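# Summary of structural features
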Amino acid sequence: MRHDKRRLSPIGLSLRAFYVAACIGALTWFWLSRSESEATIAFTWLMMFVTMPVGFLGGWLIGSVFALVETTGNVQSLTLWLVCAVLGYLQWFVFVPWLWRNRDRNLGRSSRAA
């Protein structure tokens, strides 16, 4: 197994920092406005937007699980934040770069197989 350390470009580092700041900013906004009933709905849509398209899957999963279990809005919202933030990070900073690095290899295999 080959292990190479890939250096992140300044743009990659900036995008990661912006993503993490957006997720933490959304959580901070929700925590400061948690007394408002509409804040939970707005927070859910905000997290799904920041982490889209996988955020919609995370929102659906969390909504489905918590529809079966009685919880307070804060527990559900914090769980949604954690799941969406992790799934979004994995999507944009692990899986998409892996696909991008391996695109030539994957395209080469599919054209040879045809």
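Note: the structure precedes this text.
A quick note: this is a predicted structure, and the numbers were derived from the prediction, not measured. (Residues numbered from 1 in each chain as written. Predicted model: local features only at pLDDT ≥ 70, side-chain atom pairs only at ≥ 80, totals over all residues. Heavy atoms only, no water.)

## Brief notes about the overall build of the protein chain
This is how it is decided: Numbering of helices and strands runs from the N terminus, with a helix taken as a DSSP run of H or I at least four residues long and a strand as a DSSP run of E at least two residues long. Only protein chains enter the area calculation, which uses a 1.4 Å probe; residues under 20% of their type maximum are buried, those over 50% are exposed, and those in between are partly exposed. Residue burial considers only the protein chains on display, and all accessible areas are found by Shrake-Rupley using a 1.4 Å probe.
Looking only at helices and strands, the protein chain has five helices and zero strands in total. Ordering the α and β elements of the protein chain from the N terminus gives α-α-α-α-α. The buried share of the protein chain, reckoned over its 114 residues, is 24%. Carbon together with sulfur atoms contributes 69% to the accessible area of the protein chain, which is approximately 8,500 Å² in total.

## Some words on helix α1 (residues 10-32)
To keep it simple, the criterion reads: The span you would expect from a helix comes to 1.5 Å times its residue count less one.
Here α1 is 23 residues long and its end C-alpha atoms lie 32 Å apart, about the 33 Å a rise of 1.5 Å per residue gives. Of the positions making up α1, those classed as buried are Gly12, Tyr19, Cys23, Ala26 and Phe30.

## Examining the packing of aromatic side chains
Put simply, the test is: Stacked, edge-to-face and tilted are the three classes for Phe, Tyr and Trp ring pairs, Trp counted by its six-membered ring, which pair at centre distances within 6.5 Å; planes under 30 degrees apart are stacked, over 60 edge-to-face, the rest tilted.
This structure, assessed with the given rule, holds six aromatic pairs. Residues Tyr19 and Tyr89 carry aromatic rings whose centres are separated by 6.4 Å and whose planes lie at 50° to one another, so their mutual orientation is tilted. On the criterion of sequence distance, the pair formed by Tyr19 in helix α1 and Tyr89 in helix α4 (residues 73-101) is long-range, its members being 70 residues apart. Looking at Tyr19, the relative accessible area reads 7%, which means it is buried. Residue class for Tyr89 comes out partly exposed when judged on its relative accessible area of 27%. Each ring, one from Tyr19 and one from Phe93, has its centre 5.6 Å from the other, and the planes form 65°; the classification is edge-to-face.

## Some remarks on a nonpolar patch on the surface
Operational definition: Residues enter a patch when their relative accessible area is above 30% and they make no salt bridge; the linking distance is 9 Å between like charges and 5 Å between nonpolar side chains (Val, Leu, Ile, Met, Phe, Trp, Tyr). For salt bridges, the criterion is a side-chain nitrogen of Lys or Arg within 4 Å of an Asp or Glu carboxyl oxygen.
A cluster of nonpolar side chains, Ile41, Trp45, Phe49, Met52 and Phe56, forms an exposed patch at the surface whose accessible area comes to about 560 Å². Here Met52 shows up in the loop between α2 (37-50) and α3 (54-68). Classification of Met52 by relative accessible area gives partly exposed; the value is 37%.

## Observations concerning the nonpolar core
If you look at soluble globular proteins, the nonpolar side chains tend to sit buried side by side. Cut-off, in case you're wondering: In this description, a nonpolar core means a group of buried Ala, Val, Leu, Ile, Met, Phe, Trp, Tyr and Cys residues linked to one another through side-chain atoms lying within 4.5 Å.
Ranked by internal contacts, the top residues of the largest apolar core, which has 14 residues, are Tyr19, Cys23, Phe43, Met47, Leu80, Trp81 and Ala85. For this core, the secondary structure elements donating two or more residues are α1, α2, α3 and α4. If one sorts the elements of this core by residue count, α4 sits on top with five residues.

## A closer look at the environment of Phe56
This is how it is decided: Note on definitions: a residue-residue contact is assigned when non-hydrogen atoms from the two residues lie within 4.5 Å.
Locating Phe56 in the fold gives a position in helix α3. Relative accessible area serves as the criterion here: at 37%, Phe56 is assigned to the partly exposed category. Contacts of Phe56, omitting those with residues within four sequence positions, involve Trp45 and Met48.

## Notes on α3
Along an α-helix, residues three or four apart share an orientation, since each turn contains 3.6 residues. Put simply, the test is: Directions pointing from the helix axis toward each C-beta atom define the arc.
An ideal rise of 1.5 Å per residue puts 21 Å on 15 residues; α3 measures up with 22 Å between its terminal C-alpha atoms. Every buried residue of α3 is accounted for by Val54, Gly55, Gly58, Gly59, Ile62 and Phe66. When α3 is viewed along its axis, its buried side chains cluster within an angular range of 140° and face the same direction. Set apart from the buried face of α3 by more than 90 degrees, the exposed residues are Trp60, Ala67 and Leu68.

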